[in-house]
Structure formats: C-alpha cells, structure tokens
Amino acid sequence: RSARYVGAGQPHKRRRTSEPSEIEERLESLICRVGEKSTSSLESNLEGLAGVLEADLPNYKSKILRILCTVARLLPEKLTVYTTLVGLLNARNYNFGGEFVEAMIRQLKECLKVNMYNEAVYLVRFLSDLVNCHVIAAPSMVAMFENFVSVTQEEDVPQVRCDWYMFAFLSSLPWVGKELYEKKDAEMDRLLSQTESYLKRRQKIHVPMLQVWTADKPHPQEEYLDCLWSQIQKLKKDRWQERHILRPYLAFDSILCEALQHNLPPFTSPPHTEDSVYPMPRVIFRMFDYTDDPEGPVMPGSHSVERFVIEENLHCIIKSHWKERKTCAAQLLSYPGNNKIPLNYHIVEVIFAELFQLPSPPHIEVMYTTLLIELCKLQPGSLPQVLAQATEMLYMRLDTMNTTCIDRFINWFSHHLSNFQFRWSWEDWSDCLTQDLEKPKPKFVREVLEKCMRLSYHQRIIDIVPASFSVLSPANPVCIYKYGDESNRSLPGYTVALCLTIAIKNKASNDEIFSILKDVPNPNQDDDDDEGFTFNPLKIEVFVQTLLHLAAKSFSHSFSALAKFHEVFKTLAESDEGKLHVLRVVYEVWKNHPQMIAVLVDKMIRTQIVDCAAVANWIFSSELAHDFTRFYIWEILHSTIRKMNKHVLKIHKELEETKARLARQHKRRDSDDDDDDDDRSSDREDGPLEEQIERLQEKVESAQSEQKNLFLVIFQRFIMLLTEHLVRCETGGIDVFTPWYKSCIERLQQIFLQHHQIIQQYMVTLENLLFTAELDHHILAVFQQFCALQA
Amino acid sequence: KEKEKEKEKMCSGGTLSILRSDSYADLSQYRDQHFRGTRYEQERLLRKSCTLYVGNLSFYTTEEQIHELFGKSGDVKKIIMGLDKVKKTACGFCFVEYYARGDAENAMRYINGTRLDDRIIRTDWDAGFKEGRQYGRGRSGGQVRDEYRQDYDAGRGGYGKTVQCQ
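What you see as residue numbers is a count from 1 along each chain, following the sequence as written. A letter from A marks each chain and a number from 1 marks each ligand, given out in the order of writing. Given that this is a predicted model, residues contribute local features only at a pLDDT of at least 70 and side-chain atom pairs are listed and counted only at 80 or more, while totals for whole chains, interfaces and linings are drawn from all residues. Heavy atoms throughout the structure, all of them, feed into the side-chain values; hydrogens and water do not.

Per an unreviewed UniProt entry, chain B goes by Nuclear cap-binding protein subunit 2 and derives from Casuarius casuarius. For the record of chain B, the UniProt heading Subcellular location (unreviewed entry) holds the text "Nucleus". UniProt positions are given in the numbering used here, feature names are shortened, and annotations may be inferred rather than shown by experiment.

Under an unreviewed UniProt entry, chain A has the name NCBP1 protein and belongs to Casuarius casuarius.

J.: An account of the side chain of glutamate 242 of chain A is needed here, citing residue identities and associated values.
T.: All names here are of chain A. Helix and strand labels come from DSSP, where a helix needs a run of H or I of at least four residues and a strand needs a run of E of at least two; each type is numbered from the N terminus. By secondary structure assignment, the location of glutamate 242 is in the loop between α11 (224-237) and α12 (253-256). The cut-offs for exposure are 20% and 50% of the maximum accessible area for each residue type, with area from a 1.4 Å probe on protein chains only; residues under the lower value are buried, those over the upper are exposed, and the others partly exposed. Assessed through its relative accessible area of 10%, glutamate 242 is described here as buried. Separated by 3.0 Å, the side chain of glutamate 242 and the backbone nitrogen of isoleucine 245 make a polar contact. Polar contacts, as counted here, are pairs of nitrogen or oxygen atoms within 3.5 Å of one another; within protein the pair requires one atom able to donate a hydrogen and one able to accept it, and residues that are adjacent in sequence qualify only if both atoms are side-chain atoms. Separated by 3.0 Å, the side chains of glutamate 242 and arginine 247 make a polar contact. Here a residue-residue contact requires only that any non-hydrogen atoms of the pair lie within 4.5 Å. With sequence-adjacent residues up to four places away left out, glutamate 242 is seen in contact with Pro174, Leu235, Arg247, Val305 and Glu306.

J.: Give a detailed account of helix α9 (residues 185-201) of chain A, specifying residues and quantitative values.
T.: Its 17 residues give α9 of chain A an end-to-end C-alpha distance of 24 Å, which sits within 8% of 24 Å, the value for a rise of 1.5 Å per residue. Of the surrounding secondary structure, the elements contacted by the buried residues of α9 of chain A are α6 (138-150), α7 (159-170), α8 (173-183) and α11 of chain A. What a helix is expected to span follows from its residue count: subtract one and scale by 1.5 Å.

J.: For a negative patch on the surface, give the residues involved together with the corresponding values.
T.: For patch detection, residues must exceed 30% relative accessible area and be free of salt bridges, and they are connected within 9 Å for like charges or within 5 Å for nonpolar side chains (Val, Leu, Ile, Met, Phe, Trp, Tyr). Here, Shrake-Rupley sampling with a 1.4 Å probe gives the accessible areas, and only protein chains in the shown set may cover a residue. By convention in these notes, a salt bridge is any Lys or Arg side-chain nitrogen within 4 Å of a carboxyl oxygen on Asp or Glu. His is not counted, nor are the chain ends; Lys and Arg add positive charge and Asp and Glu add negative charge. Note that the charge is assigned to NZ on lysines, CZ on arginines, CG on aspartates and CD on glutamates. Taken together, the side chains of Glu690, Glu691, Glu694, Glu698 and Glu701 of chain A define an acidic patch exposed on the protein surface. For glutamate 701 of chain A, the location among the structural elements is in helix α31 (residues 689-732).

J.: I'd like a description of the interface of chain B and chain A, backed by residues and values.
T.: Contacts between the two partners involve 41 residues from chain B, matched on the other side by 52 residues from chain A. Summed over both partners, the interface of chain B with chain A buries about 4,200 Å², with 50% contributed by carbon and sulfur atoms. At the boundary of chain B with chain A, the tally comes to five salt bridges. A salt bridge links aspartate 75 of chain B to lysine 646 of chain A; its shortest N-O distance comes to 3.8 Å. At the junction of chain B and chain A, the tally comes to 18 residue pairs in polar contact (both at pLDDT 80 or more). Elements represented by at least two residues in the side of chain B that touches chain A include exactly α1 (2-11), α3 (63-70), β2 (76-83), α4 (101-110) and β4 (115-116) of chain B. The leading source of residues in the side of chain B that touches chain A is α3 of chain B, at six residues. Residues are grouped as follows: Ala, Val, Leu, Ile, Met, Phe, Trp, Tyr, Cys and Pro are nonpolar; Asp, Glu, Lys and Arg are charged; all remaining types, including Gly, are polar. Residues of the side of chain B that touches chain A, tallied by class, amount to 13 nonpolar, 12 polar and 16 charged. Values labelled buried area give the accessible surface lost by two parts on being combined, using a 1.4 Å probe and summing over both.

J.: Give me the domain arrangement of chain A: which residues, what numbers.
T.: Residues and elements named next belong to chain A. Where each domain begins and ends is defined by an automated method or by a domain database. Taken as a whole, chain A is organised into domain 1 (21-257), domain 2 (305-472) and domain 3 (640-667 + 688-788). On a C-alpha basis, the centroid separation for the pair domain 1 and domain 3 is 39 Å. Facing seven residues of domain 1, the contacting portion of domain 3 comprises nine residues. For the domain 1 and domain 3 pair, buried surface summed over both sides reaches about 640 Å², with 72% attributable to carbon and sulfur atoms.

Listed below in structure tokens is the structure:
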C-alpha cells in the first residue's frame, strides 16, 4: 500500500491518480505525526509507516529522504522514533539506508558551514543512534568521533570550536555509549582519556559571567562540559546502563540485526574560518534536587545521565513548539516517564533555566510567562504549587543572584501575578522589611510592586500588600510641577511659566513660544548671543516643566505635546548640554513615574530631540545617582542601545538595497536598450543611484561611529564610577563588595553580554583605550571574562 | 549574506508546513465589514500589518497599562484608545501599533488570551488605523457587543445598552 490510499476515503470516491502534492503532504503528515497519541502501539505504527514509505520509495524517494533529514534536525525529542523508522527502512531497502546516511552527512556539513551548531548536534546524535538500529557500523561511528576529538589538537583555533566537537561527541554517548564501548572499548577508552585531558586544560575564565548565582550552595552551577563529563563518567561506571531513553528499536531487534550496516564516509571537520561563529559556553542551571519533592518519584541526580537526557528533551520540546503555547505545554506534560520522574519539577526547572540563561534566553521572555500559565491551566492541582515553591526558593537566594537574572525574575513574577489577581502570601516575605532597602530582597519586592502597579494602578497595589509593606510600595505616579503653587512665585521663570501655560492652552504656535521664552534670562553669564538660542538651562526648565505638566494626562497627550513643539525642543536642545538638561528636567517632573520617563526618553530619541550619547551621559550623571540601581534606569539604557543598533542596521539595509538597485540598473543597460523605459525613468526620479549610494555610505559610517561612541561613553563612565568606589573602599579600609557595587559590576557585565555581537567589533579599541592593564583588576576581570566567551 | 540565506532556508523547516505551525499569529476568521477595498486587499494588509486590535478591555484600563503589557513583545509605536462615539470616553477596545511585524506576532502568540486588569483580552490583526475607526459602532455610541449583551459586566458599564433601556 502506498500513501495515496492512506485515509483516502470511500473506494467509490477514490480518484484514479492523486495529485503528487497531495501525496507529498500526506507523506509529511504521516512522518511528522508518527509517535503521537494513537490507538495503536508505537511499534505497530512504525511498522505500518515503514511499509507505506517502502512502497512509495520508487516515486517519492528524494521527498522522503528530505522529510526524514528534516525531522532528524528539527524534532530531536523524537530521535529514537525516527532512527527506528530509518532502521526498518534500511532493513527493507539497503540502498535507501545508504542514501539516507549520505544525505545526513551532507546536511551535517551544510549546518556546520552556516554556523547552525545546535542543529548539527542533533544530526550527530541521530547518526550515533543509527548504530543502535544497525544502519551504521559502530567502528565507523567511533572513527567519526575520533575525528571530532582530534579537533582539540588543532592550533590557533578558538576554544569554543573544540568545545563544540567535544560536546557533539559526549552528548551522543547516552544514546550510543554502550554499543560503541562493546564493539570498540580500547578506542573509546582512548577517546575518553583524550577528552579528560582536554577538559582539564581548557580555560574557564568565562564561567562567573554566565552563572545565575554567585554561590555554590545548595546547587553548584557547573560549566556545561564539566557537568556532561561527570555524567558520562558516571554512565561509564554504571557500565553504560542507561534506562531512561525510550528505544523503540529494541522491539525490532530480530529484524534490525539482519540488516546490513553502512560505513560512514571519512569525516573531515570543516576548518575554522573568519566567519565561523560557535555556540557560546553555558552554565547548567539547577534549582531542584530529590529533597524538593519528598512525596513523589525521585529526581535523578545532577550527575546522572538521566538528568541530562530529560533536560535535553524538554529543551528540545520548547524549541520545537515555542510558537504554539498550548501544544508546547501539552507536549511537555506528556513527556514519557511521568510516574518515574517528578516531571513538573523538571519542567519548571528547564523553563527557569531558559528564562535566566545568560547572555540571553533562547526565546522572548514573555513566552515563558505565558507557557507557565498554560501549564498551570493544564495541571491546576499540581503545577501552581511547584511554581510557588520555585518562586520561594528564588526569593530565598536573591542575595547571590545575578542582577540581570533578578530583572527577569521581577518581570516574570509581576506579569504572572497580574494574571492571578496579584494573589501572593506577601507576609511570608516580611523578613525583607527589616533589611536595608538597597539589599536584594527588599529591592526585589519594591521593583515587583512597581511593575505590578504598571499593570494595574496605584491603589490596587496598596490594597494587595499588608500594611507593613507600605515602605516598599511604589510612589503614586504623579507629576511634580515646580511652578504649580503660588508659593513658588519667587522662583526665577515663574511668570514666564504662567505666560507659557496660557499661551499653550490657547493653541500657541512654536514662534509664539519662542518669543515668550526670549524674556527668560540666562543664568550662564558668558552668553552674548542676541538670539538667546544657545544653552539656557532656565529656558529649558520653564518650557519643559510647563509643557509636560500640561500634557501630563496620558502618554498620548505627552507625545502630542512633543510633536507639536518639536521645533522648540530641537532648538533648546541643540547643544549637548541642552540635551542633557532636557533629560534632567524630564526626570525632575516625572521622577514618581518611571514608566513615563522611559516613554518620553524613547520618543525624544526617535524624534531626535536628544541623542543616544546624551541619554547615556544622563544616566551616569550625579543627579541620577540615587536611582542608579533601579531597574527602570537600565531598561532605558538598554532600550537606547537597541535603538542605536536598529538604526545602524536599517541604514545598512538601505545601502544594500540601493546597491542592488544599481546592479539591476547596470544589468538592464547591458541588455536591450529599447525596453524598460519606465524603470529607467523611475530611477532618474530618485536621483543618480551612484550619488545615493555615496550618501548612504556616509550615513552608514556616521551611524557606526555614533554607535561605537555610545559604547565607549558607557564603558568609560562605568570605569570612572567603579574606580571611584574601589579607591574609596581601599583608602577607607571598607569592604568593596557592597550591594551597590555588586549591582554596578553586574550591570557592566550586562552591557557586554546583551550586546556582545556589536561589542566584538570594538575589541581592539577597548583593549587599547579603556580596559588596559592599569585598570583595577576587579574591573579588568569583567573584560577578560567577556573576551573568554568566544576565545 | 549567502550564509544567511542558506541558514534561513534550513531554519524554515523546509517545506514541512506541520513543523511551521503558528496558529496564534495566523489571520482569524473576522473581517472588518467597514473596510473600504477588496477582500484581497484587506487580507494583503492584514498579512503585513503591525497593528493589532485589542478587545474586551475594561472601560477603566489606561493607555499606560496597555503600553506596559504590550511592550513585553517589543517596542510599541502607538496606542489609540477606542472611544464611545457620543461620550468620547474609553469604551473597551484599542489599537496597538508596533514598529516591527515580528513584535506584533509575538503579541498575538503570548499576550492574546491573557489577562489585563483581570480580564482575558483578545487581540486580532488590524488592516491599519484610519481616522474614525477609534469609535464604537454600536447605536448608543459604544461597541456593538455592549448593545445587546444580557450579562452584568462592571468593567463595561454594567448591563448591555438594550437591557439598560428596559
């Protein structure tokens, strides 16, 4: 039987020939869905499918090859299902087995060429499991692994390159270690000893930068290769007995062992090139162990291979279904082994592992919030409790948690609460009330309450917390207008403020505003400019205070105000000092409403009232020192950097597109002259393309220079601030490691981590100009850790 | 750049449509009946839109709250509050426009169907804001759904308008 008859409906409706594309769709569906919930057993479904595919090989071989290669790469959580299927096909059709292996090797090489290293690992694992299905001969797999391990002998290559080959080898062993060791124990022992010596000599400077907690208790956070090595060593000690992985091929052993095996072609690893980008090292996140669920099944130990396999598979499920939250939740919860492992704990741990991953989570943060909510919906009797337990544990360990991870914890927890009427046992956290407000625990609660308020309103937050927590409650987000009260009439500029208020209410134009502002004296005595348009802080103060106060009602009102009086803003903020002062006044007016500050700064950058460097300087200014460790400040800074990065990309894209248009224009010129008159005339309208390209080239260079300058300013200010603190501590004989210092040094790390791709371009400048050997070793260490990430 | 194209081809799951399922970000069955233009044009706009319609808001939900929530999937370009045509007060819906379509897609995937102000909100693709579309289309000035509903909803003016008039 072939696919054209599967599910084809009543025979009398059966068409003589089905459309090829229909059959291809059906093949895709059959292959992708095998292993899902079914009335028949997995084994019988696999057998049936193998029969169907075998029958379709004559007509659809290349399509079937392609589908199987794709699922090998994209559905790693179903690895053994598909290796079994390939095993059955190989047993029925030896040539097909050979062609499949060749196709997989081609795909592997392709992946490595385009830096798709994560997918490449799945392909290697698939190939290794094919040994268990008698498709690939064990000795040839060992030979491939020998090739992988020999990469560690290469000279002048980044450590992350060797790391990948080592990881690809080690992470396949849970599946195939037993078989390979049985067939080639001497070779395997040699490989393992080479592995051990590589792992001993590789440097691990990068590890502190990637750890979620700085403390090793209760769970050490190991570097990922170290952890995997411990797991493999334990596996070897257990004589390679691995009992967690589902192996459908065991049921077909009698059929499969009759099959002829193929040898892998000799594999040469693609050489390292300038363009090669290897995966970043990782630290394994652990928050649970067997003591956390005393009632339920025992959680496999941190160095057990079961733990590795479970975590790998759960991560793969999220990777496969991240766009479909309901499917993702359902797939996670239907992970096999439900009664033998505390699945809910594993799921929660894996999700937080991704959420807290440094430098960045694999997926957008909000996905994890919504996924956890879906999981709570599907398991309302058990998952919420595990989540609450996890939250409690994370709170308990805040003192040593990385600041970036605390940010994510704050965002997750506040958003989560907003979906559950903000219900939480806040009294359980009363211990934080007696601590200094800058300590991590009370700071965390303050930031959470502030975020909760943003999703609701001030009074709601007052209502949901016990009265004792009022010291941690956010300020009422009201605007502070210095010229508001009659009692302030002695302030300079007060009368002008009144004038402005009336004028603006009467829909004054920009020109009228300018003429009113002319009357404002300049406290800077040196100004001789008749126009009065040079930096006049009082003018800025009066105008910005008044306007923002009048537009305070909502974001839209404020944005309208910025748009309407854009000209005035641009003129007042023309100089760098002007820009800085505008930002200062915005802060003075809206310091109770950080969210408003953030959106105003965003709008002012986008409308070019201020530039990114001004925002950076403002954040590091002494006026903001009091708020320096508050979350909203860093949200503003990172948003600013992202805008700068997007701007550079946008202009670059414009340049590339214009170059492409020029290339097309040349092509047309080279061909028939009579045709395409319309195209040529439209080109003429835009101006000569060569000129455009030149202009865009300048724009790109200028933008890139602005981008580099932004990072240099930020790093410079960090160095100044941190050095000041370190010197003060040294001379005063006090401990360097205050909450402020921890926060500040981790914020510096965060800049490196969150924008590492861009910053890589500036390594030489940074090393020669800023992060030189004279720098205090505390600060230099951050730079060195960053360098080690891709070394 | 060649590498990027190859990578894109490999990442997109080839032609395996089953593996590319993205139901939350797909177009819904709803089509705005007041849209001026062909059905084809409407769907073309919906497929490249960066604007979302957001429904089932409380009348008291503010632009600030909406900005905070929808900001979680990317930078919000503009929020336009839906207004009662007569009273010119919020009537429980809004438009959220992003700078990038990908950010709007993430809102459809992760914010649609979750709570804002304790209410499950619903998002859908919108062909783009045009002046006049910020007003409710119900006879009394609010949204159509509030004209005829029979239940009591404290966040949406209490009983439906028809019920109120009885």
